[in-house]
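One letter stands for each residue in the lines below.
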Amino acid sequence: MRTVIVTGGAGFIGSNFVHSALKQTNWRLIVIDKLTYAGSLLNLHDVEHDPRYSFVHADIGDQAAMAEALERWHPDIIVNFAAETHVDRSIDGPHNFLAANVMGTFGLLEATRHYWSKLEPMRRKSFRYLQISTDEVYGSLGDAGFFNEDSRYAPNSPYAASKASADHFVRAYHETFGLPTLISHCSNNYGFYQFPEKLIPLAISNAIAGKPLPIYGDGLNVRDWVFVGDHCDAILTILERGRAGDQYIVGGRSERTNLEVVNGVCAALEELLPADSNVALAANRYESYRDLIKMVPDRPGHDRRYAVDCSRIERDLGWTSRISFEMGLGMTVSWYLLNRRWCQAIQQGHYNGERLGLQSAVPR
Ligand SMILES: NC(=O)c1ccc[n+]([C@@H]2O[C@H](COP(=O)([O-])OP(=O)(O)OC[C@H]3O[C@@H](n4cnc5c(N)ncnc54)[C@H](O)[C@@H]3O)[C@@H](O)[C@H]2O)c1
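What comes next concerns the included structure. Treat the numbers as computed from the prediction; the structure is a model and nothing was measured. (Residues numbered from 1 in each chain as written. Predicted model: local features only at pLDDT ≥ 70, side-chain atom pairs only at ≥ 80, totals over all residues. Heavy atoms only, no water.)

1. Considering the side chain of Thr105
By the element assignment, Thr105 lies in helix H4 (residues 94-117). A relative accessible area of 1% places Thr105 in the buried class. Here Thr105 is in contact with Ile60, Asn80, Ala100, Tyr129, Gln131, Ala166 and Val170, once residues within four sequence places are set aside. (Helix = DSSP H or I, 4+ residues; strand = E, 2+ residues; numbered from the N terminus. Buried < 20%, exposed > 50% of the residue type's maximum accessible area, 1.4 Å probe, protein only. Contact = heavy atoms within 4.5 Å.)

2. A closer look at the pairing of strand E9 (residues 222-227)
Within E9, six of the six residues are buried, which leaves it mostly tucked inside the rest of the structure. Side chains Val222, Asp224 and Val226 project from E9 onto one buried face, and the interleaved Arg223, Trp225 and Phe227 project onto a second face that is buried too. Summarising the sheet, strand E7 (residues 188-190) and E9 pair through three bridges and their orientation is parallel. Within E9, the position partnered with Asn189 by the bridge is Val226. The sheet contact formed by E9 and strand E11 (residues 255-257) spans three bridges and is antiparallel. Its bridge partner lying in E11, Arg223 is registered against Arg256. (Pairing = 2+ DSSP bridges.)

3. Overview of helix H6 (residues 158-177)
Compared with the 28 Å implied by 1.5 Å per residue over 20 residues, the 28 Å span of H6 between its first and last C-alpha is a close match. Here the buried face of H6 lies against helix H3 (87-92), H4, strand E5 (128-134) and strand E6 (181-186). Positioned one or two residues after H6, Gly178 has a phi angle of 80°, which is positive. (Expected span 1.5 Å × (residues − 1).)

4. Some remarks on the nonpolar core
Counting residues in hydrophobic clusters, the biggest one holds 45 residues, and the most contacted among them are Phe17, Val18, Trp27, Val79 and Ile313. The element that contributes the greatest number of residues to this core is helix H8 (residues 228-241), accounting for seven residues. Not counting residues within four places of it along the chain, the set of residues in contact with Phe17 comprises Val6, Trp27, Val79, Phe81, Cys232, Ile235, Leu236 and Leu239. Within the second largest apolar cluster, 36 residues are counted, among which are Ile200, Ile215, Phe325 and Val333. (Core = buried A, V, L, I, M, F, W, Y, C linked by side-chain atoms within 4.5 Å.)

5. Focus on the packing of helix H9 (residues 258-272) against helix H12 (residues 325-338)
Where H9 contacts H12, the axes come no closer than 9 Å and their chain directions differ by 60°. Between H9 and H12, the crossing angle belongs to the class labelled oblique. H12 is crossed by H9, and the crossing has right-handed handedness. Across the interface between the two elements, Val261, Gly264, Val265, Ala268, Leu269 and Leu272 of H9 pack against Phe325, Leu329, Gly330, Val333, Ser334 and Leu337 of H12. (Axes fitted to C-alpha atoms, helices over the stretch in contact; angles between N-to-C directions. Parallel < 35°, antiparallel > 145°, perpendicular 65-115°, else oblique. Left-handed = near helix turned anticlockwise from the far one by under 90°.)

6. Thoughts on the packing of aromatic side chains
Tallied over the entire structure, the rule returns 20 aromatic pairs. Ring plane angle 85° and centroid distance 6.0 Å describe the contact between Tyr193 and Trp342, whose orientation is recorded as edge-to-face. With Tyr193 in the loop between E7 and helix H7 (199-208) and Trp342 in helix H13 (residues 340-347), the pair connects residues that are 149 residues apart, well separated along the chain. In this pair, the class of Tyr193 matches that of Trp342, namely buried. Here the aromatic residues Tyr190, Phe192, Tyr193, Trp225, Phe227, Phe325, Trp335, Tyr336 and Trp342 are joined through ring pairs into a cluster of three or more. Cation over ring: Arg223 sits above Tyr306, and NZ or CZ is 4.0 Å from the ring centre. Sitting over the ring of Phe146, Arg305 keeps its end group 5.8 Å from the ring centre. (Phe/Tyr/Trp six-rings, centres within 6.5 Å; stacked < 30°, edge-to-face > 60°. Lys NZ or Arg CZ within 6 Å of the ring centre and 35° of its normal.)

Here is the structure:
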């Protein structure tokens, strides 16, 4: 049985990964999480009594705490999801992003390097450290083309810059110390347990509550979307078959404009909870969810288009995304409808749907 440390495992993708890995493997999983506003043990509620799951409350930047956890649990694999992740928050306060994403990754890498160097040769060879990165490190595309593993790093937001910096450290630890690292660059994820501040979960929870659905700028910025369960399967595949030192792009082959995404949320909601039966809309005389759409000022430095070519992971490792955007969106809307109490509890005292990321905008 392998022991896997999952940092940031109480957040959106991390908690989905814990659920997937407990179902699909016999691994023992140790979640290490600082429990920021974005992380919650509510996301791991249904696995808390599983004997193969344990939780450690710690900051990945605390090298002594990381060293202690590694000595105690003796992992075969570390998957680092822990990060500050919301671009808008990185505009309002970049410092937290440096602390968590750069210094945090550094603290974790240092503790990992010392632990790994003392392993017996066979375990040292099979050990893996996987850094969960993003396609945002590559910057923005025009109307054509795709990012691939050879694309040049050109991060535009403080979030992307902090993730890019962390990737460079991971790469350097492989080249300099021989640490068997992997990096995955995934496009935008959506699905269950996502904190309702980003486009899809915010649109769903606002629409259910009859609140405006904000769309930045002209709404024509394009993202590639991948269902979180597909991303978690890709991570399991990379851990099983990925080659140490390699990077893998992960995507859903589903490019959509933000306007298309929000229209998709409205359509899925109309099927499951028709607007004329939702008292929150009737109270304000809205006849359809689309009436809630509101164009708002753009995000400063808003990248126009991200699109990824994931043929390396498809060809070399045999992974491919399986859930279409329409199907995944329907499943996601349905999950948020069934989990309205989770949604309220997770936001309580942290976030009230207000606009973020404009505080330091200076007219250009
Ligand atoms: N969400 C996406 O669309 C997406 C796409 C590509 C890559 N990623 C990457 O995937 C990872 C997970 O993203 P997410 O959307 O699940 O994020 P999230 O914001 O939902 O969760 C982040 C988790 O990390 C924890 N955390 C933050 N700082 C920490 C620290 N210093 N020490 C320990 N734990 C800490 C938080 O408490 C939270 O549980 C991130 O590294 C992100 O950059 C996300």
